[in-house]
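Listed below are the residues making up each chain.
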Amino acid sequence: GAAFFAHAPSSPSDISGFTAWSSVREPSQVFTLLETVYRAFDKIAERRKVFKIETVGDCYVAATGLPEPNPNHAVAMARFAKDIVVSMSMLVQQLEVTLGPDTTDLGIRVGIHSGPVTAGKGKDVDILNCAEAPPHCSSPSFSKVSFVDNVPGSSSLGTR
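What you see is a predicted model, and the numbers here were worked out from it, not measured in a lab.

Bringing the nonpolar core into the picture now. Among the nonpolar cores identified, the biggest contains 29 residues, and Ile15, Leu33, Phe41, Phe80 and Met88 are the most heavily contacted of them. Only helix H1 (18–23), helix H2 (27–48), strand E4 (59–63), helix H3 (73–99) and strand E5 (107–114) provide two or more residues apiece to this core. Take this core: its biggest share by element is 10 residues, from H3.

On to the side chain of Ser11, then. Counting through the fold element by element, Ser11 comes out in strand E2 (residues 10–16). A polar atom in the side chain of Ser11 sits 3.0 Å from the backbone oxygen of Gly111. With residues near it in sequence (within four places) discarded, Ser11 still touches Tyr60, Val61, Ala62, Met77, Val110, Gly111 and Ile112.

Here E4 lies mainly inside the structure; four of its five residues are buried. Here five bridges tie E2 to E4, and the two strands are oriented antiparallel to one another. Across the sheet, the residue bridging to Pro12 is Val61, located in E4. Relative to E4, strand E3 (residues 51–56) runs antiparallel, the two sharing five bridges.

Thresholds, definitions, all that
- Residues numbered from 1 in each chain as written.
- Predicted model: local features only at pLDDT ≥ 70, side-chain atom pairs only at ≥ 80, totals over all residues.
- Heavy atoms only, no water.
- Core = buried A, V, L, I, M, F, W, Y, C linked by side-chain atoms within 4.5 Å.
- Buried < 20%, exposed > 50% of the residue type's maximum accessible area, 1.4 Å probe, protein only.
- Helix = DSSP H or I, 4+ residues; strand = E, 2+ residues; numbered from the N terminus.
- Polar contact = N/O pair within 3.5 Å; in protein donor to acceptor, adjacent residues only side chain to side chain.
- Contact = heavy atoms within 4.5 Å.
- Pairing = 2+ DSSP bridges.

Geometric values such as these leave the question of function open.
Put into structure tokens, the structure is as follows:
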């Protein structure tokens, strides 16, 4: 069955400039980039107690406060977002030697949304009310934050 989490920040992120960059690369170079980046993000997620939901192409989706509730969920997600921005900057510098000079033009866009989440079995997670913070609406290395106020009787949605 599904479980409801009243406060579980989620973070969709994507690699800015990826489509143009990957269109002029060999598949092995694209694989090297994504494998390197996602491996680093997975280590950060583990250290920050953030749950990786999925990766699709250049999009990495994570949440915290589930499957185990975390009273410091917002702090953990904010630190995760900051850490992946810093990590991405260092990784593209290192990868430029093997993947080409315009690799350093790549960045990471990170969105953070906090609100109710319904999680299903295994790693299938349905994130509700997240439409206000798509990562493509922010600039590289910038986090767009939205939240849903779960106070009974309130339905405010804000973005920062």
